[in-house]
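Listed below are the residues making up each chain.
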Amino acid sequence: MKKILCPSMMCANFENLGKEVKDLEEAGFDIFHLDVMDGNFVPNFGMGLQDIEYICKNTTKSCDVHLMVTNPSAYVEKFIKLGASIVYVHPETDPHITRTLQMIKDLGAKAGIAINPGTSFESVKEVLHLCEYVMIMSVNPGFAGQKYLDFVTPKFKKFVEEAKNYGGYKVMIDGACSPEKIKELSAIGVSGFILGTSALFGKDKSYQEICKELREL
(Lines give C-alpha, C1' and ligand atoms only; values in the text may rest on other atoms or scores of the structure.)
Protein backbone atom coordinates (compact mmCIF):
# COMPACT_ATOMS: atom_id res chain seq x y z
CA MET A 1 0.00 0.00 0.00
CA LYS A 2 1.45 3.33 -1.03
CA LYS A 3 1.70 5.84 1.78
CA ILE A 4 -0.18 9.13 1.37
CA LEU A 5 2.35 11.78 2.41
CA CYS A 6 0.87 15.17 3.26
CA PRO A 7 3.06 18.18 4.10
CA SER A 8 1.49 20.30 6.85
CA MET A 9 1.90 23.72 5.31
CA MET A 10 1.48 25.49 8.66
CA CYS A 11 5.09 24.38 9.25
CA ALA A 12 6.47 25.54 5.88
CA ASN A 13 8.78 28.49 5.27
CA PHE A 14 6.44 31.38 4.53
CA GLU A 15 9.29 33.69 3.50
CA ASN A 16 9.21 31.91 0.15
CA LEU A 17 5.94 30.02 -0.02
CA GLY A 18 6.03 29.65 -3.79
CA LYS A 19 9.36 27.84 -3.67
CA GLU A 20 8.15 25.62 -0.82
CA VAL A 21 5.10 24.54 -2.83
CA LYS A 22 7.18 23.90 -5.96
CA ASP A 23 9.89 21.95 -4.11
CA LEU A 24 7.41 19.79 -2.18
CA GLU A 25 5.44 19.03 -5.33
CA GLU A 26 8.55 18.10 -7.29
CA ALA A 27 9.75 15.92 -4.41
CA GLY A 28 6.68 13.74 -4.86
CA PHE A 29 4.47 14.47 -1.87
CA ASP A 30 0.79 13.74 -2.35
CA ILE A 31 -1.58 16.19 -0.63
CA PHE A 32 -1.00 19.66 0.79
CA HIS A 33 -2.49 19.82 4.29
CA LEU A 34 -3.90 23.23 5.26
CA ASP A 35 -4.84 24.02 8.86
CA VAL A 36 -7.58 26.51 9.72
CA MET A 37 -7.96 27.58 13.36
CA ASP A 38 -10.28 30.14 14.86
CA GLY A 39 -8.74 30.75 18.29
CA ASN A 40 -11.94 29.36 19.81
CA PHE A 41 -12.23 25.62 19.20
CA VAL A 42 -8.43 25.50 19.56
CA PRO A 43 -6.32 28.17 21.31
CA ASN A 44 -4.40 29.23 18.22
CA PHE A 45 -4.87 30.75 14.77
CA GLY A 46 -3.99 28.90 11.59
CA MET A 47 -3.23 29.79 8.02
CA GLY A 48 -4.75 32.81 6.31
CA LEU A 49 -7.23 32.68 3.46
CA GLN A 50 -4.73 34.22 1.05
CA ASP A 51 -2.12 31.56 1.86
CA ILE A 52 -4.61 28.76 1.38
CA GLU A 53 -5.87 30.19 -1.89
CA TYR A 54 -2.30 30.65 -3.15
CA ILE A 55 -1.31 27.06 -2.40
CA CYS A 56 -4.47 25.62 -3.96
CA LYS A 57 -3.99 27.65 -7.14
CA ASN A 58 -0.27 26.96 -7.50
CA THR A 59 -0.14 23.19 -7.29
CA THR A 60 -1.41 20.29 -9.36
CA LYS A 61 -1.62 18.22 -6.17
CA SER A 62 -4.75 17.84 -4.09
CA CYS A 63 -5.21 20.13 -1.09
CA ASP A 64 -7.07 19.30 2.09
CA VAL A 65 -8.37 21.72 4.68
CA HIS A 66 -8.57 20.83 8.36
CA LEU A 67 -11.24 23.00 9.96
CA MET A 68 -10.42 23.40 13.65
CA VAL A 69 -13.27 25.86 14.12
CA THR A 70 -16.63 26.18 15.76
CA ASN A 71 -19.60 25.97 13.40
CA PRO A 72 -17.57 24.41 10.54
CA SER A 73 -20.57 24.16 8.22
CA ALA A 74 -20.47 27.94 7.80
CA TYR A 75 -17.02 27.70 6.16
CA VAL A 76 -17.16 24.53 4.10
CA GLU A 77 -18.30 26.16 0.86
CA LYS A 78 -15.74 28.97 1.16
CA PHE A 79 -12.78 26.60 1.34
CA ILE A 80 -14.02 24.31 -1.40
CA LYS A 81 -14.33 27.38 -3.64
CA LEU A 82 -10.74 28.29 -2.73
CA GLY A 83 -9.66 24.92 -4.07
CA ALA A 84 -9.82 22.33 -1.28
CA SER A 85 -10.70 18.88 -2.60
CA ILE A 86 -10.84 17.26 0.87
CA VAL A 87 -12.40 18.89 3.93
CA TYR A 88 -11.95 17.61 7.48
CA VAL A 89 -14.38 18.69 10.18
CA HIS A 90 -14.44 17.89 13.89
CA PRO A 91 -17.54 16.08 15.16
CA GLU A 92 -16.74 17.45 18.63
CA THR A 93 -17.67 20.96 17.51
CA ASP A 94 -20.60 20.25 15.16
CA PRO A 95 -24.00 19.10 16.52
CA HIS A 96 -25.16 18.40 12.96
CA ILE A 97 -22.08 16.61 11.66
CA THR A 98 -23.98 14.37 9.23
CA ARG A 99 -25.45 17.40 7.50
CA THR A 100 -22.03 19.03 7.25
CA LEU A 101 -20.39 15.91 5.83
CA GLN A 102 -23.16 15.57 3.25
CA MET A 103 -22.71 19.25 2.35
CA ILE A 104 -19.02 18.64 1.64
CA LYS A 105 -19.89 15.76 -0.67
CA ASP A 106 -22.69 17.68 -2.40
CA LEU A 107 -20.23 20.49 -3.15
CA GLY A 108 -17.95 18.05 -4.95
CA ALA A 109 -15.22 17.51 -2.33
CA LYS A 110 -14.30 14.45 -0.29
CA ALA A 111 -15.52 14.38 3.28
CA GLY A 112 -13.39 13.61 6.28
CA ILE A 113 -13.63 13.76 10.04
CA ALA A 114 -10.78 14.74 12.34
CA ILE A 115 -11.10 13.33 15.81
CA ASN A 116 -9.40 14.42 19.00
CA PRO A 117 -7.35 12.06 21.22
CA GLY A 118 -10.27 11.75 23.64
CA THR A 119 -12.88 10.91 20.99
CA SER A 120 -13.78 7.23 20.69
CA PHE A 121 -14.66 5.08 17.70
CA GLU A 122 -18.06 4.37 19.23
CA SER A 123 -18.96 8.06 19.40
CA VAL A 124 -18.45 8.64 15.65
CA LYS A 125 -19.28 5.26 14.06
CA GLU A 126 -22.74 6.42 12.97
CA VAL A 127 -21.22 8.97 10.54
CA LEU A 128 -18.38 6.88 9.10
CA HIS A 129 -20.43 5.82 6.07
CA LEU A 130 -20.25 9.46 4.94
CA CYS A 131 -16.46 9.69 5.29
CA GLU A 132 -13.76 9.01 2.74
CA TYR A 133 -11.08 9.94 5.27
CA VAL A 134 -10.73 9.62 9.05
CA MET A 135 -7.87 11.68 10.48
CA ILE A 136 -6.96 10.69 14.01
CA MET A 137 -5.23 13.32 16.12
CA SER A 138 -2.33 11.85 18.07
CA VAL A 139 -1.84 15.18 19.85
CA ASN A 140 -4.33 17.74 21.10
CA PRO A 141 -5.11 19.95 18.10
CA GLY A 142 -3.85 23.48 17.70
CA PHE A 143 -0.05 23.44 17.90
CA ALA A 144 2.87 21.87 16.05
CA GLY A 145 5.75 20.20 17.86
CA GLN A 146 3.82 18.27 20.50
CA LYS A 147 4.64 14.79 21.83
CA TYR A 148 2.81 11.74 20.47
CA LEU A 149 0.15 10.44 22.86
CA ASP A 150 0.76 6.70 23.14
CA PHE A 151 -2.74 5.86 24.35
CA VAL A 152 -4.07 6.77 20.89
CA THR A 153 -2.31 3.88 19.10
CA PRO A 154 -5.05 1.26 19.82
CA LYS A 155 -7.56 3.65 18.26
CA PHE A 156 -5.66 3.56 14.96
CA LYS A 157 -5.96 -0.24 14.99
CA LYS A 158 -9.69 -0.07 15.70
CA PHE A 159 -10.42 2.38 12.87
CA VAL A 160 -8.28 0.39 10.41
CA GLU A 161 -10.06 -2.86 11.34
CA GLU A 162 -13.51 -1.29 10.97
CA ALA A 163 -12.91 0.56 7.68
CA LYS A 164 -14.20 -2.35 5.56
CA ASN A 165 -17.54 -2.13 7.36
CA TYR A 166 -18.08 1.55 6.51
CA GLY A 167 -17.17 1.89 2.85
CA GLY A 168 -13.41 1.66 3.11
CA TYR A 169 -12.43 5.11 4.41
CA LYS A 170 -8.71 5.88 4.63
CA VAL A 171 -7.16 6.31 8.07
CA MET A 172 -4.77 9.25 8.51
CA ILE A 173 -2.57 10.45 11.38
CA ASP A 174 -2.07 14.09 12.33
CA GLY A 175 0.34 15.04 15.10
CA ALA A 176 3.92 14.12 16.09
CA CYS A 177 4.21 12.00 12.96
CA SER A 178 7.88 10.93 13.14
CA PRO A 179 9.56 8.43 10.80
CA GLU A 180 9.33 5.85 13.59
CA LYS A 181 5.57 6.37 13.89
CA ILE A 182 5.13 6.26 10.13
CA LYS A 183 6.85 2.85 10.05
CA GLU A 184 4.83 1.55 13.00
CA LEU A 185 1.44 2.81 11.87
CA SER A 186 1.79 1.97 8.19
CA ALA A 187 2.46 -1.62 9.28
CA ILE A 188 -1.00 -1.78 10.89
CA GLY A 189 -2.76 -0.26 7.88
CA VAL A 190 -2.76 3.52 8.40
CA SER A 191 -2.85 5.07 4.91
CA GLY A 192 -1.89 8.71 5.29
CA PHE A 193 0.54 10.82 7.26
CA ILE A 194 0.40 14.55 7.99
CA LEU A 195 4.03 15.66 8.03
CA GLY A 196 5.21 18.58 10.15
CA THR A 197 8.37 19.23 12.13
CA SER A 198 8.74 15.61 13.32
CA ALA A 199 9.48 14.20 9.86
CA LEU A 200 9.71 16.87 7.18
CA PHE A 201 10.28 20.55 7.92
CA GLY A 202 13.46 22.03 9.38
CA LYS A 203 15.65 19.05 8.48
CA ASP A 204 19.16 19.02 6.97
CA LYS A 205 17.99 17.05 3.94
CA SER A 206 16.22 17.93 0.74
CA TYR A 207 12.50 17.31 0.43
CA GLN A 208 13.27 14.73 -2.28
CA GLU A 209 15.55 12.79 0.06
CA ILE A 210 13.00 12.87 2.86
CA CYS A 211 10.13 11.80 0.61
CA LYS A 212 12.13 8.85 -0.72
CA GLU A 213 13.17 7.76 2.79
CA LEU A 214 9.62 7.95 4.14
CA ARG A 215 8.21 5.91 1.26
CA GLU A 216 10.85 3.22 1.86
CA LEU A 217 10.17 2.85 5.58
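I'd like to hear about helix 2 (residues 49-57), residue by residue, with values.
Along helix 2, the residues that are buried comprise Ile52, Ile55 and Cys56. The arc that holds every buried residue of helix 2, seen down its axis, measures 100°, which confines them to one face. Of the exposed residues in helix 2, the ones pointing more than 90 degrees away from its buried face are Gln50 and Lys57. Those residues of helix 2 that are buried lie in contact with helix 1 (17-27), strand 2 (31-37), strand 3 (62-68) and helix 3 (76-82).

Summarise helix 8 (residues 207-216); cite the residues concerned and give the values.
Among all positions in helix 8, only Tyr207, Ile210, Cys211 and Leu214 are buried. Each buried residue of helix 8 sits inside an arc of 100° when the element is viewed along its axis, so together they form one side. Set apart from the buried face of helix 8 by more than 90 degrees, the exposed residues are Gln208, Lys212 and Glu216. Elements that come into contact with the buried residues of helix 8 comprise strand 1 (4-7), helix 1, helix 7 (179-187) and strand 8 (192-195).

The rules we used
- For every chain, the first residue of its written sequence is number 1, and the numbers climb from 1 along that sequence.
- Side-chain atom pairs in this predicted model are given and counted only at pLDDT of 80 or more, local residue features only at pLDDT of at least 70, and totals for whole chains, interfaces and linings cover all residues.
- Hydrogens and water are ignored here; the side-chain numbers use all heavy atoms of the structure.
- Partly exposed describes any residue whose relative accessible area lies between the buried limit of under 20% and the exposed limit of over 50%, with all areas from a 1.4 Å probe on protein chains only and scaled to the type maximum.
- Counting from the N terminus, the helices are the DSSP runs of H or I reaching at least four residues and the strands are the DSSP runs of E reaching at least two.
- Throughout, the arc means that of the directions going from the helix axis to the C-beta atoms.
- Contacts were defined at the residue level, with two residues in contact if any of their heavy atoms lie within 4.5 Å.

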